[in-house]
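# Remarks on the overall topology
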Amino acid sequence: MMSSTTSLHPWTACLTSLKEKLSEDVYAQWILPLKVFDLSEFQVSLAVPANLDMDQLGRMYLGLIEHCYQEANGREVRIQLRRMPSTVASSMGNAHPFTGMPVIDLNPNYTFEEFVVGSNSQFAYSAALAVAKDPGGTKFNPLLIYGGVGLGKTHLLQAIGNFVVGENPRKKIRYVTSEAFYREFVESIQHNRINELSNYYRNEVDLLLMDDVQFMSGKDRTQEEFFHIFNSLHQSRKQIVLTSDAPPGELKGLEDRLVSRFQWGLFVDIQPPDRETREAILRRKAVALNLDISDDIIGFLAEAIDSNIRVIEGAIRQLLLQASIKHSDITMELAKEIVNRTGLNRPSKKVTPEDITTVVANYFVVEVDKIIEQGRGTKEVAQARQLAMFLMKELTSASLKTIGQRFGGRDHSTVVHAIKTIEKAMEKDDSFKKSVDAIMGKLSARG
Ligand code: ADP
Ligand code: MG
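Residues numbered from 1 in each chain as written. Chains lettered and ligands numbered in written order. Predicted model: local features only at pLDDT ≥ 70, side-chain atom pairs only at ≥ 80, totals over all residues. Heavy atoms only, no water.

Moving on: the site of ligand 1. Every one of the 17 residues lining ligand 1 counts as a neighbour, but Arg78, Gly150, Thr154, His155 and Glu313 are closest to it. A distance of 2.8 Å separates an oxygen atom of ligand 1 from a polar atom in the side chain of Lys153. Here a nitrogen atom of ligand 1 sits 2.8 Å away from a polar atom, N or O, in the side chain of Lys285. Protein chains shield 96% of the accessible area of ligand 1, which is 550 Å² for the free molecule. Counting residues per element, the ones that place at least two in the shell around ligand 1 are helix H6 (153-167) and helix H13 (309-325). (Near = heavy atom within 4 Å. Polar contact = N/O pair within 3.5 Å; in protein donor to acceptor, adjacent residues only side chain to side chain. Areas by Shrake-Rupley, 256 points an atom, 1.4 Å probe, with all protein chains shown as cover. Helix = DSSP H or I, 4+ residues; strand = E, 2+ residues; numbered from the N terminus.)

What follows is the structure, given as structure tokens:
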């Protein structure tokens with residue numbers, strides 16, 4: 001995979017490459033008006049102005065945009081198209097009080113209807129629907145949906161929002177990731193506007209959808225603020241729905257009192273889809289994209305891509321893109337080629353050492369630099385380093401020597417020791433093993 005050697009923002013690099021690939025008119029009409037307005041690890045949201053046909057844009061150019069962005073970025077991302085508020089006036093009306101950013105509209109595709117329910121998600125789906133039908137009125141407050149990457153947590157969370165707006169457009173819904181909430185909070189401190197932030201959340205929100213609460217971990221003041229907001233909303237019987245990558249009891253770096261609040265209502269998990277569900281999802285996505293794709297190929301993909309749903313979607317879009325580049329039908333050869341070339345069936349091969357140190361550092365809430373430094377560091381740092389070494393052994397083709405070198409020039413026996421320590425810990429401690437599995441899943445999902 002190519003990684004950009006320039007310091008350009010991947011979007012800028014992507015634009016340059018799109019300009020080369022498309023005619024001037026097409027570029028000016030379809031690409032230039034797009035604006036990046038939200039970035040996360042796996043996802044880039046592009047705002048689409050009201051005068052562009054979003055369906056057409058998606059059908060004709062999304063695959064290409066994604067392709068170029070990934071080339072520029074060096075790692076798989078999902079590009080999402082979102083409607084930009086139609087006029088400047090309404091966008092100002094919708095501007096977020098603290099960031100001046102437009103309030104992120106819910107993705108209209110994330111609905112209950114579009115969600116394929118399997119035995120892996122049945123319970124989460126039912127709970128989400130119950131809450132959407134009667135926000136604040138059920139015992140499920142808060143509702144916490146947890147599970148691995150790309151399994152549909154954000155989809156269900158926003159489906160609740162979309163359902164509630166559909167029933168009552170005047171309901172004030174706030175969808176926010178905990179990272180964005182953290183940024184808002186920091187900004188409100190900088191501008192002496194904490195009270196405003198707090199009043200906004202307490203008084204101007206009827207339904208709070210907070211995505212990926214685990215990103216608040218280690219951010220104590222943000223957690224404290226959120227704790228108060230949570231209490232206030234809960235007291236006024238406003239519905240709160242949360243998602244996280246782990247069950248409440250295993251959320252590291254979050255304050256106990258916050259975690260105990262998360263357990264007040266209901267917490268439900270989403271598991272990876274089984275073979276039948278994968279097939280059903282593939283079918284649904286193919287129909288949505290108007291793809292003519294045979295049962296054989298669907299079956300092959302459902303078998304080969306034993307991974308999360310985001311990856312399944314990526315495969316379908318790759319197929320569409322390749323078929324259109326080659327002006328060919330979607331054949332089994334093409335499907336096989338994509339599965340092999342992109343290594344969708346062997347995600348672990350492509351994990352980089354940087355991915356590992358980043359994810360592990362996040363998980364232990366330590367700095368990446370500390371892990372690769374020479375000194376031992378705190379207990380957390382030492383543990384994080386051992387785990388990173390173990391994962392590098394498991395997930396990359398690096399030799400023990402190379403691994404040692406990457407971590408402050410440690411020798412190979414240190415690496416062996418680290419690996420053994422982690423293996424033992426996994427044997428002894430089931431919840432640690434689960435965490436390691438979750439981290440591996442997370443890394444593999446990065447493709
Ligand atoms: P998460 O938030 O758990 O990482 P997302 O909700 O972002 O995952 O889901 C990833 C992608 O997969 C989204 O495009 C979503 O629409 C799709 N998806 C996930 N679960 C399902 C499902 N059960 N049925 C249909 N699409 C799904
Ligand atoms: Mg998500």
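Bringing the packing of aromatic side chains into the picture now. With the rule as written, the count across this model stands at 14 aromatic pairs. Centroid distance Tyr200 to Tyr201: 5.0 Å. Interplanar angle 80°. Geometry classified as edge-to-face. We classify Tyr200 as buried; its relative accessible area is 15%. With 6.2 Å between their ring centres and 50° between their planes, Phe230 and Phe262 make a pair best called tilted. Of this pair, Phe230 sits in helix H9 (residues 220-235) while Phe262 sits in helix H10 (residues 256-262); the two residues are 32 residues apart in sequence, bridging distant segments of the chain. Grouping residues by exposure puts Phe230 and Phe262 together as buried. An aromatic cluster is defined as three or more aromatic residues linked by ring pairs; in this entry it consists of Phe181, Tyr200, Tyr201, Phe226, Phe230, Phe262 and Trp264. The ring of Tyr182 carries Lys219 above its face, with NZ or CZ at 4.5 Å from the centroid. The ring of Phe300 carries the charged tip of Lys336 above its face, separated from the ring centre by 5.9 Å. (Phe/Tyr/Trp six-rings, centres within 6.5 Å; stacked < 30°, edge-to-face > 60°. Buried < 20%, exposed > 50% of the residue type's maximum accessible area, 1.4 Å probe, protein only. Lys NZ or Arg CZ within 6 Å of the ring centre and 35° of its normal.)

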